[in-house]
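Letter by letter, the chains look like this.
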Amino acid sequence: MHGGSHNSDEIRLFDRICEDNILCGGKKALLQELESLEYINEISIILHSDVSVKKLLSSYKLQSCIRKLHLQCCSKMTSLELLPACVQTMVHLETLQISSCNDLKDVKINEKDKGKREFISRYSRVLSEFCMLHEVHIISCSKLLNLTWLIHAPCLQLLAVSACESMEEVIGDDDGGGRASVGEENSGLFSRLTTLQLEGLPKLKSICNWVLPLPSLTMIYVHSCESLRKLPFDSNTGKNSLKKIQAEQSWWEGLQWEDEAIKQSFSPFFMPLEYMDLYQVLGYGY
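Now for a quick tour of the structure. (Residues numbered from 1 in each chain as written. Predicted model: local features only at pLDDT ≥ 70, side-chain atom pairs only at ≥ 80, totals over all residues. Heavy atoms only, no water.)

### What to know about the sheet that holds strand β9 (residues 219-223)
Basically, it comes down to this: Any two strands are treated as partners once DSSP identifies two or more bridges connecting them. Per the convention used, a helix needs a DSSP run of H or I reaching at least four residues, while a strand needs a run of E reaching at least two, with both numbered from the N terminus. Fitted lines through C-alpha atoms serve as axes, helices being fitted only where they are in contact, and the angles separating the N-to-C directions of these axes extend from 0 to 180 degrees.
Taken in spatial order, the 9 strands make up an open sheet running β1-β2-β4-β6-β7-β8-β9-β10-β11, and their pairing is parallel. In this open sheet, the two strands that pair with only one neighbour each are β1 (43-47) and β11 (270-272). Adjacent strand axes in the sheet meet at a mean angle of 10 degrees, parallel and antiparallel pairs treated alike. Note that β9 and strand β10 (residues 244-247) share 4 bridges and pair parallel. Paired with Y221 across the bridge in β10 is Q246.

Structure below.
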């Protein structure tokens, strides 16, 4: 949180709340205390309950100040639904981590008015994008099936997903808000992504169902994703940017490619993954 010297008492109050309560419980009342601070500009916060998440999503002030958000052990949260207005307000959100939310089945951005079957305009679509979201860490969410909502994060640079036993795809063909044919509208998906980390995803079969250029991609780490047999790559993927693909030798040898030429173009970047490397390459947020 940033502010001038005149608000030092409020800074101390913020520090006390974070140290004694939010990191341990995330109570709704404490979020209300934060909301009452006059000079709050920046928030990095961990929430531990669906009640706290609902409070956050109802507060324009808190949403507009958030830089880092961590949802942890929100056991009763089965779905996280964000309205475009909420996404638009989180203009400063840079890092999102969701961990140990074992009842969470889906995250979606609802782009339609309830009760209507019409799609929003392209202008409204732009307003429902996380324009500053650079890092996403998803850890130990055992019921989560996909991360298709990431089509709304055009500036994403790092994506780390681990220990999500039910996840079958990263990006699906329906964004969860009723919009189908995701690939047709998102040929530039992950255009700024530099690092992709996938670990402990036994049911993962697909990153997405269309070829991704990934012009900024530098590094890929894959571990314990035995069902992932294809990559959304062609000869132009990661061209002039890719430096390393690190994974188990057996996984690499079992990959299926559209043709041998594509495999050969990526082979120079492959590096066998040693178990000790996992501690060096897999970072889990803040």
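### Digging into the packing of aromatic side chains
For any two aromatic rings, the description comes down to two numbers: the centre-to-centre distance and the angle of the planes. Here is the rule we go by: Stacked, tilted and edge-to-face pairs are distinguished by plane angle, under 30 degrees for stacked and over 60 for edge-to-face with tilted covering the rest, among Phe, Tyr and Trp rings (Trp via its six-membered ring) whose centres lie within 6.5 Å. Here's how the labels work: a residue is buried when its accessible area is under 20% of the maximum for its type, exposed when over 50%, partly exposed in between, all with a 1.4 Å probe on protein chains only.
Counted by the stated rule, this structure contains 5 aromatic pairs. Where F130 meets W149, the ring centres are 6.0 Å apart and the plane angle is 75 degrees; that geometry is what we call edge-to-face. Taken as a pair, F130 in the loop between α6 (122-127) and β6 (135-139) and W149 in the loop between β6 and β7 (158-162) lie far apart in primary sequence, 19 residues in all. F130 sits in the buried class, given a relative accessible area of 3%. Taking the centre distance of 5.9 Å and the plane angle of 20 degrees together, the rings of W257 and F266 count as stacked. Taken as a pair, W257 and F266 share a single burial class, namely buried. Connected via pairs of aromatic rings, a cluster forms that spans F233, W252, W257, F266 and F270.

### Describing the pairing of strand β5 (residues 106-109)
Every second residue of β5 is oriented toward a common face, the buried set being V107 and I109 and the non-buried set D106 and K108. With 4 bridges joining them, strand β3 (residues 79-82) and β5 adopt parallel strand pairing. Paired with E81 across the two strands is K108, which belongs to β5.

### A short note on the pattern of salt bridges
Side chains bearing opposite charge may pair, as long as their charged atoms lie close to each other. The criterion, for reference: Take a side-chain nitrogen of Lys or Arg and a carboxyl oxygen of Asp or Glu: if they are within 4 Å of each other, that pair is a salt bridge.
Scanning the model with the defined rule gives 3 salt bridges in all. Put simply, E42 and R67 hold a salt bridge, and the shortest N to O gap is 3.4 Å. Within this pair, whereas E42 is found in the loop between α2 (28-36) and β1, its partner R67 is found in strand β2 (residues 66-72), the two being separated by 25 residues in sequence. What makes E42 buried here is its relative accessible area of 18%.

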